[in-house]
Amino acid sequence: MAETYDTVTSEVHHFSKEESLDPSRGGKEKFGHNEVSKLHQMAETSRGCRHVSREATTPQDDEEEEEEEFECLLGANGQVVLWSSRRETVLSRFDFVYPPYMVVDKIPILSPVIDSDGDLQVTRKKDLDKKEGVVLIEHQSATTLDLVGEQVWRGALFMADFILNNPDIFRDAHILEVASGVGLTSIVAAMLAKQVIISDIDRGDILELIDRNIKRNTDLLKASVEVKEIDFFNHATIDEIMDVKKSVSILLAADVVYHDQLTDAFFRTILRLMSDPPNKSLYVALEKRFVFTQEDMDTVAPCYEHFLQGLEWLASQNLSQIDWTMEQLSTDFEQYFTYERTRHLVLWKIQATLK
């Protein structure tokens, strides 16, 4: 996480609206609402761009929708990104390879690929069982600290990889993700689960972003999906979803550890959610963020240390009603999404067994 004054920027994208582009790889070009399909390799993206604009309800709305333009940016990492000047958000494609158990056909039909010299690229035998997919996510490229959920963070992609590696855990499950941000992790979970509740605080444009991202990825979803508010500092929001959370057995949280006060509120919320039947498992993916402090005269990860203290606090709560199990999981699992996986990514499982 990089900070400039009061602005926080995720390191998932080596991209910003101001980034200078390599002319040899393409450049900026304006596209109207009906011209998005002209973008380089944007066959998948065009299905999502239809949802970038608000749904038109009157002839005037139709006219406004047609006038909206998207600016195509080809970033230094080759990622195709669309910029909405009206919302000041970007629409990014997150490429992944389907796990073998999701590939229906043993040998998928691959289109011929021509290289820069005009030669036909030979499909290798090892690539025959690979099928590529795309998750389309609208998000902010930079925000203030209180709106970091409107960006995409590495922990969300790390959790998405974990989900795809563990179909036996997530297939046909009832799942609740807290602090979901723009919803990427939940969308991936919904490729396997029976029900996914996507939740975050109703602040900024987060809940609306989630709604739009669900719509543009509908063809990926197997589960029924609902968007609800859960505010770590207002547990009345939990009371309002009591009916839908009665069936939830799996909780997800990705990259929620970056502020000690918020971490404390997170654990109080988790205690509340896991104290009711059925028995629940919580999976937490996060990235240790190291800083140098004069107090310690060393490079430390204070937010992660505070998270570990929160685990100890949770393990001591409601012991007459709950048996707690805390386990740090192995991170040596297959990477399906395209991102830089660092050694500072960690994964915890917290199990609550009600007595």
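Look up a bit, the structure's there.
Please read all numbers here as calculations on a predicted model, not as lab measurements. (Residues numbered from 1 in each chain as written. Predicted model: local features only at pLDDT ≥ 70, side-chain atom pairs only at ≥ 80, totals over all residues. Heavy atoms only, no water.)

Q: So, helix α9 (residues 260–274): which residues are in play, and what are the values?
A: Over its 15 residues, α9 runs 21 Å from end to end, which matches the ideal 21 Å to within 8%, given 1.5 Å per residue. Turning to α9, its buried residues are Leu 262, Thr 263, Ala 265, Phe 266, Phe 267, Thr 269, Ile 270, Leu 271, Leu 273 and Met 274. (Helix = DSSP H or I, 4+ residues; strand = E, 2+ residues; numbered from the N terminus. Expected span 1.5 Å × (residues − 1). Buried < 20%, exposed > 50% of the residue type's maximum accessible area, 1.4 Å probe, protein only.)

Q: Kindly report on the pairing of strand β7 (residues 132–139), identifying the contributing residues and their values.
A: Of all eight residues that make up β7, seven are buried, and the element is covered over most of its length. As judged from the eight bridges shared by strand β6 (residues 89–97) and β7, these two strands associate in the antiparallel manner. By the bridge assignment for β7, Asp 95 is matched with Val 134. (Pairing = 2+ DSSP bridges.)

Q: Explain helix α10 (residues 302–315) to me, using residue names and the numbers behind them.
A: For α10, spanning 14 residues, the distance from its first C-alpha to its last is 20 Å, which sits close to the expected 20 Å at 1.5 Å a residue. Among all positions in α10, only Tyr 304, His 306, Phe 307, Gly 310, Leu 311 and Leu 314 are buried. For α10, the angular spread of the buried residues around the axis is 155°, confining them to a single face. Along its buried surface, α10 packs onto α9, β13 (280–287), β16 (322–328) and β17 (345–354). (Arc of directions from axis to C-beta. Contact = heavy atoms within 4.5 Å.)

Q: Mind laying out the sheet that holds strand β11 (residues 224–229), listing which residues take part and the relevant values?
A: Ordered by their spatial adjacency, seven strands build an open sheet running β11-β10-β9-β12-β13-β17-β16, and the pairing between neighbours is mixed. The two strands at the open ends of the sheet, each matched to only one other strand, are β11 and β16. Across the sheet, the axes of successive neighbouring strands diverge by a mean angle of 20°, strand direction being ignored. Here β16 runs beside β17; their pairing, made up of seven bridges, is antiparallel. By the bridge assignment, Glu 327 is partnered in β17 with Lys 349. Along the sheet, α9 contacts β9 (174–177), β12 (250–254), β13, β16 and β17; its crossing angle with β13, the most-contacted strand, is approximately 160°. (Axes fitted to C-alpha atoms, helices over the stretch in contact; angles between N-to-C directions.)

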